[in-house]
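For reference, the chains in residue letters:
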Amino acid sequence: MTQHKQPFEGEKNIVTNFENRMTYTDYLHLNDVLACQQPLTDEHDEMLFITVHHISELWMKQILHEVKSATKDMQAERLPEAFKKLARVSQVQNQLKNVWDVLATLTPADYLKFRDSLGNSSGFQSYQNRLLEFYFGYKTPHILKIYAHEPKIAVQLQEAYEAPSLYDEAIRILAKRGFAIDEAVLQRDLTQKYEANDSVKEAWKAVYRAPETYFELYELAEELVDIEDLFQQWRFRHMKTVERIIGFKKGTGGSGGVSYLKKVLDQYFFPELWQLRTEL
Ligand code: HEM
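Residues numbered from 1 in each chain as written. Predicted model: local features only at pLDDT ≥ 70, side-chain atom pairs only at ≥ 80, totals over all residues. Heavy atoms only, no water.

- By the naming in an unreviewed UniProt entry, the chain is Tryptophan 2,3-dioxygenase, taken from Lysinibacillus alkalisoli.
- Under Function (unreviewed entry), UniProt gives the following word-for-word description of the chain: "Heme-dependent dioxygenase that catalyzes the oxidative cleavage of the L-tryptophan (L-Trp) pyrrole ring and converts L-tryptophan to N-formyl-L-kynurenine. Catalyzes the oxidative cleavage of the indole moiety."
- Recorded in UniProt for the chain, the comment headed Sequence similarities (unreviewed entry) runs: "Belongs to the tryptophan 2,3-dioxygenase family." (UniProt positions renumbered as here; feature names shortened; annotations may be inferred.)

1. Quick notes on the packing of aromatic side chains
Here is step 1 of the chain: Scanning all chains against the criterion turns up 19 aromatic pairs.
Here is step 2 of the chain: Here Phe 269 and Phe 270 contribute two aromatic rings whose centre-to-centre distance is 5.9 Å and whose plane-to-plane angle is 55 degrees, an arrangement assigned as tilted. Of the two residues, Phe 269 and Phe 270, neither departs from the other in class, the shared state being buried.
Here is step 3 of the chain: The ring of Phe 124 has Arg 130 lying over it, and the distance from NZ or CZ to the ring centre is 4.6 Å. (Phe/Tyr/Trp six-rings, centres within 6.5 Å; stacked < 30°, edge-to-face > 60°. Buried < 20%, exposed > 50% of the residue type's maximum accessible area, 1.4 Å probe, protein only. Lys NZ or Arg CZ within 6 Å of the ring centre and 35° of its normal.)

2. Re the coordination of the iron atom of the ligand
Here is step 1 of the chain: In this structure, the iron atom of the ligand receives exactly one donor atom from the protein: His 238 (NE2), at 2.2 Å.
Here is step 2 of the chain: Turning to its location among the elements, His 238 is positioned in helix α12 (residues 215–246). (Donors = N, O, S within 2.8 Å, 3.2 Å for Na, K, Ca; no water. Helix = DSSP H or I, 4+ residues; strand = E, 2+ residues; numbered from the N terminus.)

3. Looking at the site of the ligand
Here is step 1 of the chain: Looking at the ligand, there are 28 residues lining it, with Ser 122, Arg 130, His 238, Ser 255 and Tyr 260 nearest.
Here is step 2 of the chain: Gly 254 is positioned such that a nitrogen or oxygen atom in its backbone is 3.3 Å from an oxygen atom of the ligand.
Here is step 3 of the chain: A distance of 2.7 Å is found between an oxygen atom of the ligand and a side-chain nitrogen or oxygen belonging to Ser 255.
Here is step 4 of the chain: Counting residues per element, the ones that place at least two in the shell around the ligand are α3 (46–75), α4 (79–103), α6 (127–136), α12 and α13 (258–264). (Near = heavy atom within 4 Å. Polar contact = N/O pair within 3.5 Å; in protein donor to acceptor, adjacent residues only side chain to side chain.)

4. Thoughts on the pattern of salt bridges
Here is step 1 of the chain: All chains considered together, the criterion is met by 16 salt bridges.
Here is step 2 of the chain: Salt-bridge contacts for Asp 101 lead to Arg 237; the nearest nitrogen and oxygen are separated by 2.8 Å. With Asp 101 in helix α4 and Arg 237 in helix α12, this residue pair connects regions lying 136 residues apart in the sequence.
Here is step 3 of the chain: On the basis of relative accessibility, which here comes to 44%, the residue Asp 101 falls in the partly exposed class.
Here is step 4 of the chain: What emerges from the salt-bridge pattern is a single network uniting Asp 198, Lys 201, Glu 202, Lys 205 and Glu 279. (Salt bridge = Lys/Arg side-chain N within 4 Å of Asp/Glu carboxyl O.)

5. Re the packing of helix α9 (residues 166–176) against α12
Here is step 1 of the chain: At a minimum axis separation of 11 Å, α9 and α12 run at an interaxial angle of 160 degrees. Taken as axis vectors, α9 and α12 run roughly antiparallel relative to one another. As α9 packs across α12, the resulting crossing turns out to be left-handed. Residues Leu 166, Tyr 167, Ala 170, Ile 173 and Leu 174 of α9 pack against Leu 217, Leu 220 and Leu 224 of α12.
Here is step 2 of the chain: A breakdown of the residues in the contact of α9 with α12 according to their chemical character gives 8 nonpolar, no polar and no charged. (Axes fitted to C-alpha atoms, helices over the stretch in contact; angles between N-to-C directions. Parallel < 35°, antiparallel > 145°, perpendicular 65-115°, else oblique. Left-handed = near helix turned anticlockwise from the far one by under 90°. Contact = heavy atoms within 4.5 Å. Nonpolar A, V, L, I, M, F, W, Y, C, P; charged D, E, K, R; others polar.)

6. Examining the UniProt feature "binding site: heme" (unreviewed entry) in the chain
Here is step 1 of the chain: The UniProt record annotates "binding site: heme" (unreviewed entry) at His 238.
Here is step 2 of the chain: When sequence neighbours within four positions are dropped, the list of residues in contact with His 238 reads Trp 100 and Leu 261.

7. Thoughts on the packing of α9 against helix α11 (residues 198–209)
Geometry of a packed helix pair, given as the angle between the helix axes and the separation of the axes.
Here is step 1 of the chain: It is at 11 Å that the axes of α9 and α11 come closest, and there the two elements cross at 70 degrees. Classed by the angle they form, the pair α9 and α11 counts as roughly perpendicular. As α9 runs across α11, the sense of the crossing is left-handed. Contacts between α9 and α11 involve Tyr 167, Ala 170, Ile 171 and Leu 174 from the former and Val 200, Ala 203, Trp 204 and Val 207 from the latter.
Here is step 2 of the chain: Considering only residue class, the contact of α9 with α11 consists of 8 nonpolar, no polar and no charged.

8. Points about α6
Here is step 1 of the chain: For α6, a buried count of 9 out of 10 residues is recorded, marking the element as mostly surrounded by other parts of the structure.
Here is step 2 of the chain: Inspection of α6 places Gln 128, Asn 129, Arg 130, Leu 131, Leu 132, Glu 133, Phe 134, Tyr 135 and Phe 136 among the buried residues, and these make up the whole buried set.
Here is step 3 of the chain: On its buried face, α6 sits against α3, α7 (142–146), α8 (151–162), α9, α12 and α13.
Here is step 4 of the chain: Count one or two residues on from α6 and you reach Gly 137, which has phi positive near 105 degrees.

9. Focus: the side chain of Lys 139
Here is step 1 of the chain: One can find Lys 139 in the loop between α6 and α7.
Here is step 2 of the chain: Buried charge Lys 139 goes without a salt bridge, the closest partner of opposite sign being Asp 168 at 5.2 Å.
Here is step 3 of the chain: Here the side chain of Lys 139 touches Tyr 161 through a polar contact of 2.8 Å, landing on its backbone oxygen.
Here is step 4 of the chain: A distance of 2.8 Å separates a polar side-chain atom of Lys 139 from the backbone oxygen of Ala 163.
Here is step 5 of the chain: The contact partners of Lys 139, leaving out residues within four places of it in the chain, are Phe 134, Ala 160, Tyr 161, Glu 162, Ala 163, Leu 190, Thr 191, Gln 192 and Lys 193. (Lys, Arg positive; Asp, Glu negative; His and termini not counted.)

Given below as structure tokens:
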């Protein structure tokens, strides 16, 4: 076998002395990140379960970063900037959705070996998932109780709970651009789950009937639909993967399990954007 004693072209200037330099591991805090995957049992498959959750939470963190910033862009009517971020959100959601393919390699028998060690912990308590739902306008106050004992998380949840959602901002833009939106919607109690409204539906219908006249709003609407569509695809894959792994057993978080996950599929963030399609 030929041994390369000399570095080949392109390798010559590789830095190897890191005494006073930051490495890749330092920059990324990899020792911290990679120390977090700590199975509670010796079961081989628990590592996959933890890794998939960590990856999902990291992607949610990135989505939150983009959505919060896109919401500010919309407040300032900087739509092209918002579009760029929302398009990225959809790409990240695709990654999130694909992790189910990996997790689906976990069989019921594999999972049962370590399920008891989870106690009552469940994705139901994922506060990043709740922050996302709040930023999309789906406000569920009962979630706030779960983190009453963790002030840092509670503050973040409360802030998002009281803040205008991405969709509230989209509706305000419709009003700013001359569409007649009911005052009740513009002045709504932001802590309530958004409910569909006819004036909003009529405005979006007008946009879809004349896309060339309202191209920015049309693009905004379609980006929101992309996001909701992908969110629902994620929910569906979650529900089916859970059915595949635990059947119709109750969840560790205390819900009915798959029956609960099926019910959540009926929720809409941006209802009028879906309703208008039947009426065009
Ligand atoms: C073996 C894998 C999994 C099983 C069996 C499972 C099961 C469940 C069940 C039964 C629920 C309903 C609440 C409960 O009673 O616990 C739930 C909720 C949830 N899970 Fe999972 N899950 C799995 C993996 C994941 C992963 C990888 C994530 C990614 C973060 C996740 C995120 C969530 C979220 C966000 C909810 C709340 C859904 C909502 O309320 O709309 N789950 N899960």
